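Residue-level structural notes
Here is how the chains run, residue by residue.
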Amino acid sequence: MDDKLLEIKDLVKIYGTKVKTKVLHEVSLDIDKGEFLSIIGPSGSGKTTLLNIIGALDNATSGHIYFENHDITTMKSDELASFRNKNLGFIFQFHHLLPEFTALENVIIPTWIKYKSPTNRKRERALELLEIVGLKDRINNKATDLSGGQQQRVAIARALINDPTLILADEPTGNLDSESTEQVYDLLRSINKDIGTTFIIVTHDRHLAAKSERVIEMV
Ligand code: ADP
Ligand code: MG
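Residues take numbers from 1 onward in each chain, read along the sequence in its written order. Note on labels: chains are lettered from A, ligands numbered from 1, in written order. Residue-level local features of this predicted model are given only where pLDDT is at least 70; pairs of side-chain atoms are given and counted only at 80 or more, and the full residue set underlies all totals for whole chains, interfaces and linings. Side-chain descriptors were evaluated using all non-hydrogen atoms of the structure, hydrogens and water having been removed beforehand.

**Some words on the packing of helix α5 (residues 148-160) against helix α6 (residues 178-195)**
The cut-off we apply is this: Every axis in this analysis is a line fitted to C-alpha atoms, fitted for helices over the stretch in contact. Angles between the N-to-C directions lie between 0 and 180 degrees. Secondary structure elements follow DSSP: runs of H or I no shorter than four residues count as helices, runs of E no shorter than two count as strands, and numbering proceeds from the N terminus. Any angle that falls under 35 degrees is termed roughly parallel, while one over 145 is termed roughly antiparallel, one within 65 to 115 roughly perpendicular, and all others oblique. Definitions for this section: a left-handed crossing has its near helix turned counterclockwise from the far helix by less than a right angle. A right-handed crossing has that turn clockwise. Contacts are residue-level and defined by heavy atoms, with any inter-residue pair within 4.5 Å sufficient. Polar here means any residue outside two lists: the nonpolar Ala, Val, Leu, Ile, Met, Phe, Trp, Tyr, Cys and Pro, and the charged Asp, Glu, Lys and Arg; Gly therefore counts as polar.
Relative orientation of the contacting elements α5 and α6 amounts to 15°, with a least axis distance of 10 Å. Viewed along their axes, α5 and α6 adopt a mutual orientation that is roughly parallel. The handedness of the crossing between α5 and α6 is right-handed. Contacts between α5 and α6 pair G149, R153, I156 and L160 from the former with S180, Q183, V184, L187, L188 and I191 from the latter. For the contact of α5 with α6, the per-class residue count stands at 6 nonpolar, 3 polar and 1 charged.

Structure representation (structure tokens):
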């Protein structure tokens with residue numbers, strides 16, 4: 001039995017060529033399937049850098065990341081694109097919804113990449129997810145006609161539409177008031193418990209991080 005989802009080994013990131021800034025110093029970390037992990041640390045400590053490398057949005061300078069025992073740091077770009085699409089969901093501080101599209105359309109759009117046209121089953125799943133995030137009666141609202149907290153909940157439903165194994169969230173509540181922050185965090189936690197999705201969440205909020213199973217601190 002192997003419950004390990006991710007193995008991060010001796011990860012180093014150096015930005016720049018002339019002036020070099022070492023941001024990640026031999027980071028090693030194992031993450032189990034179904035874990036709910038928070039990464040905290042001050043601004044500039046490399047949280048976003050680490051998350052982007054785990055999500056294969058950026059390259060490490062050295063070191064390895066094994067996802068279910070496959071080294072993603074040596075994958076080619078087309079392999080990486082399909083790896084991301086199959087396994088990962090992203091939630092960012094700024095949700096990047098398409099403003100002219102409805103909540104439902106925003107959730108379905110990622111399936112256009114994976115499947116040429118969205119199947120009825122995917123549409124049903126999008127409706128289920130919007131219900132899970134508490135937006136059943138807002139499915140036909142345009143993104144611009146939703147509050148900040150509601151838009152972030154659409155972004156969460158969108159991150160779940162391809163049934164990712166792992167969700168990477170970078171300051172997902174950084175742009176929200178404290179009530180919406182609490183709601184969004186509780187929602188992520190309940191999705192983790194109910195669906196078993198693994199979460200890695202970057203936050204600078206210790207209060208929120210304290211709700212996690214495990215907190216990693218970057219210095
Ligand atoms: P955090 O998310 O913890 O605030 P980041 O990972 O965004 O930290 O940044 C860590 C450090 O790396 C910062 O000092 C930042 O200025 C630097 N940095 C981030 N991205 C780049 C880049 N593309 N080029 C050069 N330096 C960068
Ligand atoms: Mg950051």
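**Structural notes on the site of ligand 1**
Quick reminder of the rule: A single heavy atom is enough: if one lies within 4 Å of a molecule or strand, its residue is considered near that molecule or strand. Within 3.5 Å is the distance limit for a polar contact, defined as a pair of N or O atoms, with the added protein rule that one can donate a hydrogen and the other accept it, and that residues adjacent in sequence qualify only through two side-chain atoms. Surface accessibility in these figures is a Shrake-Rupley result with a 1.4 Å probe; residues are shielded only by whichever protein chains are displayed.
For ligand 1, the full set of nearby residues is Y15, V23, P42, S43, G44, S45, G46, K47, T48 and T49. In this structure, an oxygen atom belonging to ligand 1 sits 2.8 Å away from a side-chain N or O atom of K47. Between ligand 1 and the protein, one listed contact pairs an oxygen atom with a side-chain N or O atom of T49 at 2.5 Å. Isolated, ligand 1 exposes 560 Å² of accessible area, and the fraction of that covered by the protein chains is 55%. It is helix α1 (residues 47-54) that provides the largest number of residues to the shell around ligand 1, a total of 3 residues. When the residues that make up the shell around ligand 1 are grouped by side-chain class, the tally is 3 nonpolar, 6 polar and 1 charged.

**Digging into the environment of T173**
Which entries qualify depends on this criterion: Accessible area is worked out with a 1.4 Å probe on protein chains only. A residue is then buried under 20% of its type maximum, exposed over 50%, and partly exposed in between.
Along the chain, T173 turns up in the loop between β7 (166-170) and α6. What makes T173 buried here is its relative accessible area of 9%. For the pair T173 and G196, spaced 23 residues apart in sequence, the C-alpha separation works out to 21 Å. Residue contacts for T173: discarding those within four places in its chain leaves T181, V184 and L208.

**Side note on the nonpolar core**
For the record, the criterion: The set of buried Ala, Val, Leu, Ile, Met, Phe, Trp, Tyr and Cys residues whose side-chain atoms join them within 4.5 Å is what this entry labels a nonpolar core.
Among the nonpolar cores identified, the biggest contains 33 residues, and L130, V154, I156 and L188 are the most heavily contacted of them. Of all the elements, α5 adds the most residues to this core, at 6 residues. Apart from residues lying up to four places away in sequence, L188 is in contact with F36, I91, I156, P172, F199 and I201. Residues I8, L51, A56 and L168 belong to the second largest nonpolar core, which totals 30 residues.

**Some thoughts on the sheet that holds strand β2 (residues 21-32)**
What counts, and what does not: Note on pairing: DSSP must find at least two bridges between two strands before they are called paired.
Pairing is antiparallel across the open sheet formed by 4 strands, whose spatial order is β2-β1-β4-β5. Pairing within the sheet leaves two strands with one partner each, and these edge strands are β2 and β5 (70-71). Across 2 bridges, the pairing between strand β4 (residues 62-67) and β5 is antiparallel. What sits directly across from F67, in β5, is H70. Strand contacts of α1: β1 (4-15), β2 and β4, with the helix running at about 125° to β1, the strand carrying the most contacts.

**Some thoughts on the layout of surface pockets**
Rule in force here: Here a cavity means grid points, on a 1 Å grid over the protein atoms only, where a 1.4 Å probe fits yet cannot get out; a pocket means an open set of points with protein on both sides within 12 Å along at least five of seven lines; lining residues are those with an atom within 4 Å of a point. Grid points are joined across faces, edges and corners, and a volume is the space filled by probe spheres set on the points.
By volume, the second largest pocket is sized at about 150 Å³. Taken together, 14 residues line the second largest pocket, and the ones lying closest to its centre are D58, N59, A60, I72 and T73. Sort the elements by how many residues they give to the lining of the second largest pocket and β4 lands first, with 3 residues. Grouping the constituent residues of the lining of the second largest pocket by class yields 8 nonpolar, 5 polar and 1 charged.

**Brief notes about the sheet that holds strand β6 (residues 88-91)**
Pairing is parallel in the open sheet, where 5 strands are placed in the order β6-β7-β8-β3-β9. Both outer strands of the open sheet, β6 and β9 (214-217), are each paired with one neighbouring strand and no more. Taken over all neighbouring pairs, the strand axes of this sheet differ in orientation by 15° on average, direction set aside. Where β7 lies against strand β8 (residues 198-202), 5 bridges are found, and the strand directions are parallel. For A169, the partnering residue across the bridge sits in β8 and is I201. Sheet strands in contact with helix α2 (residues 77-87) are β6 and β7, and its direction is about 75° off that of β6. Where α5 meets the sheet, its contacts fall on β6 and β7, and the angle it forms with β6 comes to roughly 170°.

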